[in-house]
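Notes for the structure review
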Amino acid sequence: MLRCEVCGNPIYGAVNTVQIDGSTLQVCQNCVRLGKPTRQTKEGSKSPPFKSSTPKPVKPEKLLDELELKEDYHKIIKQTREKLGLSQEALGRKINEKPSVIRLLESGKLKPDNMLARKLEHFLKVQLLVPPLEEEL
Ligand SMILES: [Zn+2]
């Protein structure tokens with residue numbers, strides 16, 4: 001009967017061979033955790049297994065910025081507004097913008113920023129912002 005070289009108890013079942021302080025010992029199940037297993041010799045098994053291999057690139061959530069305005073955004077705005085039977089003034093009031101802004105938008109002289117484009121998209125139920133990839137046809 002083998003005895004555990006750490007605690008001295010008889011070893012029932014599998015004998016575990018571990019390294020403790022550089023010496024190889026045959027230990028019982030209870031004492032396995034005191035040493036390092038000899039079969040899978042891993043250096044520094046106490047340190048966290050997933051040490052920083054490559055730091056993950058932090059991707060900022062900038063989906064909105066990557067969207068591009070449709071080239072014919074002014075047509076979409078004008079056509080949709082007219083379909084809804086709204087004047088430029090009325091649309092301006094609805095989305096809290098000056099009629100002159102609407103006029104400039106519809107003439108293509110003013111490009112709405114993301115905020116304004118979103119507002120128009122929402123109100124007119126159209127798509128003005130598209131991912132750049134779809135734009136490059
Ligand atoms: Zn033991």
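Residues numbered from 1 in each chain as written. Predicted model: local features only at pLDDT ≥ 70, side-chain atom pairs only at ≥ 80, totals over all residues.

As a further point, take the overall build of the protein. Helix and strand counts for the protein come out as six helices and five strands. Along the protein, from the amino end to the carboxyl end, the secondary structure elements read β-β-β-α-β-α-α-α-α-β-α. Looking at the protein as a whole, 15% of its 137 residues are labelled buried. (Helix = DSSP H or I, 4+ residues; strand = E, 2+ residues; numbered from the N terminus. Buried ≥ 20, exposed ≤ 12 C-beta atoms within 10 Å, placed from the backbone.)

With that settled, the discussion passes to the sheet that holds strand β2 (residues 23-27). Ordered in space as β2-β1-β3, the three strands form an open sheet in which the pairing is antiparallel. At either end of the open sheet lies a strand with only one pairing partner, and these are β2 and β3 (36-37). Where strand β1 (residues 16-20) and β2 come together, five bridges link them in antiparallel fashion. Each bridged residue has a counterpart across the sheet, and for V18 the counterpart in β2 is L25. (Pairing = 2+ DSSP bridges.)

Looking now at helix α5 (residues 114-124). What α5 keeps buried is the set A117, L120 and L124. Buried positions in α5, seen along its axis, are confined to an arc of 65° and lie on one side of it. The exposed set on the far side of α5, more than 90 degrees from its buried face, consists of M115 and H122. For α5, the secondary structure elements touched by its buried residues are β4 (68-69), α2 (73-83) and β5 (129-130). Phi for K125, located one or two positions after α5, is positive at around 55°. (Arc of directions from axis to C-beta. Contact = placed C-beta atoms within 7 Å.)

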